[in-house]
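Structural description and commentary
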2 protein chains.
Amino acid sequence: MITFSEENYLKAIYHHSKDYPNGVSTNAIAKSMCTKASSVTDMLKKLSEKKLVNYKKYQGVLLTKQGEKKAVNLIRRHRLWEVFLLEKLNFTWDEVHEVAEELEHIKSEKLINELDRLLDFPKKDPHGDPIPDKDGNFTKDIKVLLSTLNEKETGICVGVNDTSTDFLKYLNKQNIAIGKHITVVEKEVFDGSILIKIEDNQFYISHQIAKNLFLQLQ
Amino acid sequence: MITFSEENYLKAIYHHSKDYPNGVSTNAIAKSMCTKASSVTDMLKKLSEKKLVNYKKYQGVLLTKQGEKKAVNLIRRHRLWEVFLLEKLNFTWDEVHEVAEELEHIKSEKLINELDRLLDFPKKDPHGDPIPDKDGNFTKDIKVLLSTLNEKETGICVGVNDTSTDFLKYLNKQNIAIGKHITVVEKEVFDGSILIKIEDNQFYISHQIAKNLFLQLQ
DNA sequence: ATAAGTTTTTAGTCTTATCTAAAAATAAAA
DNA sequence: TTTTATTTTTAGATAAGACTAAAAACTTAT
């Protein structure tokens, strides 16, 4: 069983390791976590025993495969909760982080995967950071659902989620096709419908449609 | 600042005090929390210092006004999360409790009040237990939103949530008024619209309307 | 009313996660 | 290459929450 505190250390090490790929210093961790170097040393020993980090005295620390997996999953949870708070609970950009910091520690696979579904499998959090999927993969080719785009964003249509003939017929009729540039002009909060622009035509599509169109972000 | 553990004790005492209004015994608490009597004694001293319980050695314990307020709020959080897990995240009846047990400790007023709104201010949790409102009142007179009724249920219109003139005008036009009996004939899953019956007239109203009409259940 | 049984509390220990202060190791400067 | 400065680790302490074992207080039964 992993504790809240251990999870927080893993997350901090993960973030620092981008800048210090040869080993994250004790002080760097202490500073970012508002704690003392001696506390960090204690925790590194514990995490090392649990095989979540590779740690040699005075040499800095890096995550093991196992540790990284846990860190990435934690980031997934954090970012999904942020999207949830913003989109479903009317939180503002600056309010999300603090609460997500608590929610991310709730331990339930199902909880987080269902949350992912509820939010239409978002690929980015409110700050534009990518959200890893359940296997820990960050989709670098940013194929996202049209429904997850914000106002003013544009993407190229690259695929559909629903492949029923009814849906494809509808797309034909509306002149929506692979390769077309689609811009989100306005999102209707009331029913989730979206005003989109394709080649100088503007029209509304329902949330249902937007949930089934994949775009590649520009 | 109140800890997870303290909150759990408050909850346990609250539940026991229904059966033992003159004082809850140390052993009863220990048993229901799967802990030892000595641990309970320790905690009762701490809670007593914080003025959350009235505790005299060997005499049993009861919540103070302040302690009860916290306990009721905790129950509110627990039950709202249960509704959320069941209705929005496809959890089953038996899965909700364990995860709600963790979620209930997340500290954010806004989080829980927005969750309440997202769920249309439910008055009962999945087990039929009442959900206290944000002021700690269990509505014994079950004033519920029309949107929360199930098919075949009937209620008397007792109020509105939205008081805009546009909304009230609409109600007039549709012959919806305080005192009228309203029966839910059918609920449309697709868009949340509801087929209702008032004095032999049947017609559809949108989810938006149903979310703003209070009924007293029959 | 006193002995036996039960419940509750105290006293002392353990673990987790912190901290301070001092010692050891590494890095930088003269 | 020494000396100085910085970083990191150790040693020892503290607080929260839990435990065991023993003492103290209440309850029952004789």
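Report follows, based on the coordinates. The written sequence of each chain sets the order in which its residues are numbered from 1. Going through the entries in the order they are written, you letter the chains from A and number the ligands from 1. Totals for whole chains, interfaces and linings use every residue, but because this is a predicted model, local features are given only for residues with pLDDT of at least 70 and side-chain atom pairs only at 80 or more, for both listing and counting. For side-chain calculations, the full set of non-hydrogen atoms in the structure is used, while hydrogens and water are omitted.

Things to note about the overall build of chain A
Convention followed: Labels follow the DSSP assignment, with helices taken as runs of H or I lasting at least four residues and strands as runs of E lasting at least two, numbered in each case from the N terminus. Contacts between residues were defined by any pair of non-hydrogen atoms, one from each residue, lying within 4.5 Å. In this description, accessible areas are obtained by the Shrake-Rupley approach with a 1.4 Å probe, and a residue is regarded as covered only by the protein chains that are shown. Asp and Glu are treated as the negative residues and Lys and Arg as the positive ones, with His and the ends of the chain left uncounted. Here the site of a charge means NZ on Lys, CZ on Arg, CG on Asp, or CD on Glu.
Scanning chain A from terminus to terminus reveals eight helices and eight strands. Structurally, chain A occupies a C-alpha span of about 65 × 30 × 30 Å along its principal axes. For chain A, the share of sequence-separated contacts (at least 6 apart) that also reach a separation of at least 24 residues comes to 61%. Counting every atom, chain A has about 12000 Å² of accessible surface; 50% of that belongs to carbon and sulfur. Separation of charge centres in chain A, based on 32 positive and 32 negative side chains, amounts to 7 Å.

As for the interface of chain A and chain B
Think of interface size as the accessible area that goes away when the parts come together; that is how it is often given. Which entries qualify depends on this criterion: Each of two parts loses accessible area, computed with a 1.4 Å probe, when they are put together; buried area is these two losses added. Any carboxyl oxygen of Asp or Glu within 4 Å of a side-chain nitrogen of Lys or Arg constitutes a salt bridge here. Any N or O atom pair separated by 3.5 Å or less is treated as a polar contact, with the protein-specific requirement of one donor-capable and one acceptor-capable atom, and with residues adjacent in sequence counted only for side-chain atom pairs. Any residue that is not Ala, Val, Leu, Ile, Met, Phe, Trp, Tyr, Cys, Pro, Asp, Glu, Lys or Arg is counted as polar, Gly included; the first ten are nonpolar and the last four charged.
In this complex, chain A contributes 23 residues to the contact, which on the side of chain B involves 23 residues. Between chain A and chain B lies a buried interface of about 1900 Å² when both sides are counted; carbon and sulfur atoms form 69% of it. The largest contributions to the chain A side of the interface with chain B come from Leu89, Glu102 and Lys110 of chain A, which together make up 24% of the buried area. On the surface where chain A and chain B come into contact, there are two salt bridges. Measuring nitrogen to oxygen at the nearest pair gives 2.9 Å for the salt bridge that ties Glu95 of chain B to Lys110 of chain A. Counting the contacts that link chain A with chain B gives ten residue pairs in polar contact (both at pLDDT 80 or more). The element contributing the most residues to the side of chain A that touches chain B is helix H6 (residues 109-118) of chain A, with six residues. A class-by-class count of the residues in the side of chain A that touches chain B yields 13 nonpolar, three polar and seven charged.

Some points on unusual backbone geometry
Residue and element names in this part refer to chain B. If you check the backbone angles, Asn175 has positive phi at about 65 degrees while not being a glycine. With respect to the helices, strands and loops of the structure, Asn175 is situated in the loop between helix H7 (165-173) and strand E5 (181-187). The phi dihedral of Glu199 is positive, around 45 degrees, even though this residue is not glycine. Locating Glu199 in the fold gives a position in the loop between strand E6 (194-198) and strand E7 (201-205).

Quick notes on the pattern of salt bridges
One side chain can pair with another of opposite charge once the charged atoms of both are near each other. All names here are of chain A. Going by this rule: Between buried and exposed lies partly exposed: a residue is buried under 20% and exposed over 50% of the maximum accessible area for its type, with that area taken using a 1.4 Å probe on protein chains only.
Under the defined criterion, the tally for this structure stands at 22 salt bridges over all chains. The salt bridge partner of Lys107 is Glu7, with a shortest N-O separation of 3.6 Å. In this pair, Lys107 is assigned in the loop between helix H5 (93-103) and H6 and Glu7 in helix H1 (residues 4-17), connecting sequence segments 100 residues apart. Classification of Lys107 by relative accessible area gives partly exposed; the value is 25%.

Overview of the nonpolar core
What counts, and what does not: Take the buried residues of types Ala, Val, Leu, Ile, Met, Phe, Trp, Tyr and Cys, join any two whose side-chain atoms come within 4.5 Å, and each joined set is a nonpolar core.
With 36 residues, the main nonpolar core has Phe84 of chain A together with Phe84 of chain B as its most contacted residues. Those elements that place two or more of their residues in this core are helix H4 (65-87), H5 and H6 of chain A together with helix H4 (65-87), helix H5 (93-103) and helix H6 (109-118) of chain B. In this structure Phe84 of chain B touches Phe84, Leu115 and Leu118 of chain A together with Leu89, Leu115, Leu118 and Leu119 of chain B, once residues within four positions along its chain are discounted.

Considering the packing of H4 of chain A against H5 of chain A
Residue and element names in this part refer to chain A. The test is simple: Axis definition: a line fitted to C-alpha atoms, limited for helices to the stretch in contact. Angles are taken between N-to-C directions and run from 0 to 180 degrees. The scheme is simple: roughly parallel for angles under 35 degrees, roughly antiparallel for over 145, roughly perpendicular for 65 to 115, oblique for anything else. Should the near helix be turned anticlockwise from the far one by less than a right angle, the crossing is termed left-handed; should it be turned clockwise, right-handed.
It is the contact of H4 with H5, at a shortest axis distance of 8 Å, that shows an interaxial angle of 135 degrees. Taken together, H4 and H5 sit at an angle that is classed as oblique. When you trace H4 past H5, the crossing you get is right-handed. Residues His78, Trp81, Glu82, Leu85 and Leu86 of H4 touch H5, and the partners they reach there are Trp93, Val96, His97, Val99, Ala100, Glu101 and Leu103. Among the residues making up the contact of H4 with H5, the classes are represented as eight nonpolar, two polar and two charged.

Quick word on the sheet that holds strand E4 (residues 154-160) of chain B
All names here are of chain B. The test is simple: Strand pairing requires that DSSP identify at least two bridges connecting the strands.
Sheet architecture is open: six strands sit in the order E3-E8-E4-E5-E6-E7, paired in antiparallel fashion. Each edge of the open sheet carries a strand with a single partner, namely strand E3 (143-145) and E7. Ignoring which end each strand starts from, the neighbouring axes of this sheet average 45 degrees apart. As paired strands, E6 and E7 are joined by five bridges and run antiparallel to one another. Bridge pairing in E7 links Ile196 to Phe203. Here H7 sits on the sheet in contact with E4, E7 and strand E8 (213-217), set at roughly 145 degrees to E4.

Some thoughts on the protein's contact with DNA strand C
Applicable threshold: Whether a residue is near a molecule or strand is decided by its heavy atoms; if any one of them lies within 4 Å of it, the residue is near.
With respect to spatial proximity, 20 residues lie near DNA strand C, and among them Ser39 and Lys46 of chain A together with Lys45, Tyr55 and Lys57 of chain B are the closest. Looking at DNA strand C alone, sugar and phosphate atoms form 77% of those within 4 Å of the protein. Between DNA strand C and Lys45 of chain B, the relevant distance is 2.5 Å, taken from a phosphate oxygen to a side-chain nitrogen or oxygen of the residue. In terms of residue class, the surface near DNA strand C is built from five nonpolar, ten polar and five charged.

Quick notes on the sheet that holds strand E6 (residues 194-198) of chain A
Residues and elements named next belong to chain A. On the basis of which strands lie adjacent, the open sheet formed by six strands has the order E3-E8-E4-E5-E6-E7 and antiparallel pairing. Here the strands that pair on one side only, and so sit at the sheet edges, are strand E3 (143-145) and strand E7 (201-205). Averaged over neighbouring strand pairs, the angle between their axes works out to 45 degrees when direction is ignored. Lying over the sheet, helix H7 (residues 165-173) contacts strand E4 (154-160), E7 and strand E8 (213-217), oriented at roughly 145 degrees with respect to E4.

A short note on the packing of aromatic side chains
The cut-off we apply is this: Pairing of aromatic rings covers Phe, Tyr and the six-membered ring of Trp, with a centre-to-centre limit of 6.5 Å; geometry is then stacked below 30 degrees between planes, edge-to-face above 60, and tilted otherwise.
Per the stated rule, a full pass over the model turns up five aromatic pairs over all chains. On the basis of an interplanar angle of 80 degrees and a centroid distance of 6.1 Å, the ring pair of Phe4 of chain A and Phe4 of chain B is categorised as edge-to-face. In this pair, Phe4 of chain A sits in helix H1 while Phe4 of chain B sits in helix H1 (residues 4-17), so the two residues belong to two different chains. Given a relative accessible area of 34%, Phe4 of chain B falls into the partly exposed group. Ring centres 6.4 Å apart and planes at 85 degrees place the aromatic pair Trp81 of chain A and Trp81 of chain B in the edge-to-face group. Of the two residues, Trp81 of chain A sits in helix H4 while Trp81 of chain B sits in helix H4, which places them in two different chains. Neither Trp81 of chain A nor Trp81 of chain B differs from the other in exposure class; each is buried. Site record: aromatic cluster; members linked through ring pairs are Trp81 and Phe84 of chain A together with Trp81 and Phe84 of chain B.

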